[in-house]
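Okay, here's what each chain looks like letter by letter:
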Amino acid sequence: MRGGLSRRAALFGLVGAGCQRKSAPAGAAGGEATPAAAPPPEASARAEGAPSSPPAASGAAASPGVLDWSFPGAAAAGGAERAVVVLPARAPGGEARRYPVLVALHGRGEAVRGAEAGAYGWVRDYSLLSHVAALGRGALRREDFKSFVLPERLAAFNESLRARPYEGLVIVCPHTPDVLQRPWQLEAAAPFARWVVEALLPRVLAECPADAGAVGVDGVSLGGRVALLTGLGAPSVFRSVGTLQPAFQASEAEAVAGRARAYLAARPEGRVRLLTSDGDPFRGAVGALHEAFRAAGVRHEHRVVVGPHNYDFNQGPGGLEMLAWHERVLRGLEPP
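All values reported here derive from a predicted model rather than from experimental measurement. (Residues numbered from 1 in each chain as written. Predicted model: local features only at pLDDT ≥ 70, side-chain atom pairs only at ≥ 80, totals over all residues. Heavy atoms only, no water.)

Asks: Before we go on, may I ask you to explain the overall build of the protein in this structure?
Replies: Helix and strand content of the protein: eleven helices and nine strands. Taken over 336 residues, the protein has a buried fraction of 57%. (Helix = DSSP H or I, 4+ residues; strand = E, 2+ residues; numbered from the N terminus. Buried < 20%, exposed > 50% of the residue type's maximum accessible area, 1.4 Å probe, protein only.)

See the structure below:
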């Protein structure tokens, strides 16, 4: 590359470049911590401009609720100071129901823009509420994927939704710190992972209609890296561990495979997925993770879908793949 730029540096730049906006083609992703008692809420408010989610009238569709939480001082210990929580729409009479939980982590483009941009990354920049609405409709269209979907993949989604409707998740979106300071180190994600387990999730379980036995984690690019390391490091907490276009280097594959093997040894029913796309610059590294997982005897899903590494992917197939997979797996169903 011009100026002698190394492949590692090029990929480092692409983690941020993955948040550049591009149009879709007309024809065409250490040690385990134990949850502590829930901290007293420092602040809890409904997000400005978010739907208030009043009880739905009989026969009317309810809207998801969006909460904006603050965790003052958490960043000093590697945690997040803001998190947005998307609550599932509840049918009348369903107030006592508890839902699976998904911790969803954003990419580096939001990480470097501060706590608010990060916490709202999935909601504002990645069209999360549109994904929830599309899945709740019970039938997906090609345009829901921003045209980045093969006919057989679209058919698989719709067959799954016809058989069992999408019932919703408590989706937790904290600001994810930029852990990709060079040299890349797996342990750089550990302080944030510890905060998720010891502070964020206890608050979710205390204040939301959340099922403590059905918790998953996922994320895209930088967030995919952090999600995989967080989930594999806490098998007693996370039943599903997914990742979208995760920012890894092939040289890290063997070490991550060792963590995945330990995760499944501690939680044999756990589910792990590696998802990349045909336009993902990390596709080769994700392939190396897949091969290392296979060599280590780690049961997992490896999927390559259609799409680039940018906002169009996050707003299209990325979000839909993430929500559908975890909602199915955490309900004990097979995903599309």
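Asks: In this structure, what is going on with the nonpolar core? I would like to understand it.
Replies: Across soluble globular proteins, nonpolar side chains have a tendency to be buried as a group. If you look at the biggest cluster of nonpolar residues, it comprises 59 residues, and the most contacted ones within it are Val170, Trp195, Leu200, Val204, Leu228, Phe238 and Phe293. The element contributing the most residues to this core is helix α7 (residues 190-207), with eight residues. The residues contacting valine 204, other than those within four sequence positions of it, are Trp69, Val101, Val170, Val172 and Ala210. The next biggest cluster of nonpolar side chains, apart from the first, holds 36 residues, and it includes Leu102, Tyr120, Trp122 and Leu135. (Core = buried A, V, L, I, M, F, W, Y, C linked by side-chain atoms within 4.5 Å. Contact = heavy atoms within 4.5 Å.)

Asks: Help me understand helix α10 (residues 283-295), please; the structure alone is not making it clear to me.
Replies: Working note: α-helix, 3.6 residues per turn, so residues spaced by three or four point in the same direction. In this model, α10 (13 residues) spans 18 Å end to end at C-alpha, consistent with the 18 Å of a helix rising 1.5 Å per residue. If you check which residues of α10 are buried, you get Ala285, Val286, Gly287, Leu289, His290, Ala292 and Phe293. Those residues of α10 hidden inside the fold are in contact with α8 (222-232), α9 (253-266), β8 (271-279) and β9 (301-308). (Expected span 1.5 Å × (residues − 1).)

Asks: So what exactly am I meant to see when it comes to the pattern of salt bridges here?
Replies: Oppositely charged side chains can form a pair if their charged atoms are brought close together. Enumeration over the complete set of coordinates arrives at 22 salt bridges. One salt bridge in this structure joins glutamate 143 and arginine 141, with 3.3 Å as the shortest N-O distance. Arginine 273 is the partner of glutamate 301 in a salt bridge, and the nearest nitrogen-oxygen pair spans 3.9 Å. Placement of glutamate 301 in strand β9 and of arginine 273 in strand β8 is noted, with a sequence separation of 28 residues between them. Judged by relative accessible area, which is 0%, arginine 273 ranks as buried. (Salt bridge = Lys/Arg side-chain N within 4 Å of Asp/Glu carboxyl O.)

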